[in-house]
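Descriptive structure summary
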Amino acid sequence: MSASSSGSPGRSSRPPARTPMWPVVAMGLCWVVGVLWIVVFYLNPALPVLAELGNYNLLVGFAFIILGVFFALVQAVVAIVVARRRG
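In this text, all values refer to a predicted model and were calculated from it rather than measured experimentally.

On to the overall build of the chain, then. Broken down by element type, the chain carries three helices and zero strands. Each helix and strand of the chain, ordered N terminal to C terminal, gives the series α-α-α. Every one of the 87 residues in the chain was classed for burial, and the buried ones make up 17%. Contacts in the chain between residues far apart in sequence, at least 24 positions, make up 66% of those at least 6 positions apart. Of the roughly 6800 Å² of accessible surface on the chain, a fraction of 71% belongs to carbon and sulfur atoms.

Written out as structure tokens, the structure reads:
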């Protein structure tokens, strides 16, 4: 006898949950923006906005990279929650 109560074995009443893609996109975008910010600052530090910030440009670039790491953690937590709901 099947352990499923829905009548047909292997079928569930709701569709399988999927992890959202927005944390992955945000993570990649933050990493690319952070690295590009630092590279552009080193290549041409005389650009108007970059010149005003000075060495704080490194802080801005690394802040974007750290924000990308945060989105990676969000994606990991969401994937764990979705996997546990699948059973």
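Moving on: the side chain of Gln 75. Relative to the elements of secondary structure, Gln 75 occurs in helix α3 (residues 56-86). Judged by its relative accessible area of 15%, Gln 75 falls in the buried class. Setting aside residues up to four positions removed in sequence, Gln 75 forms contacts with Thr 19, Pro 20, Pro 23 and Val 24.

What counts, and at which threshold
- Residues numbered from 1 in each chain as written.
- Predicted model: local features only at pLDDT ≥ 70, side-chain atom pairs only at ≥ 80, totals over all residues.
- Heavy atoms only, no water.
- Helix = DSSP H or I, 4+ residues; strand = E, 2+ residues; numbered from the N terminus.
- Buried < 20%, exposed > 50% of the residue type's maximum accessible area, 1.4 Å probe, protein only.
- Contact = heavy atoms within 4.5 Å.
- Areas by Shrake-Rupley, 256 points an atom, 1.4 Å probe, with all protein chains shown as cover.

Note that every value here comes from positions in space, so none of it alone points to a role or purpose.
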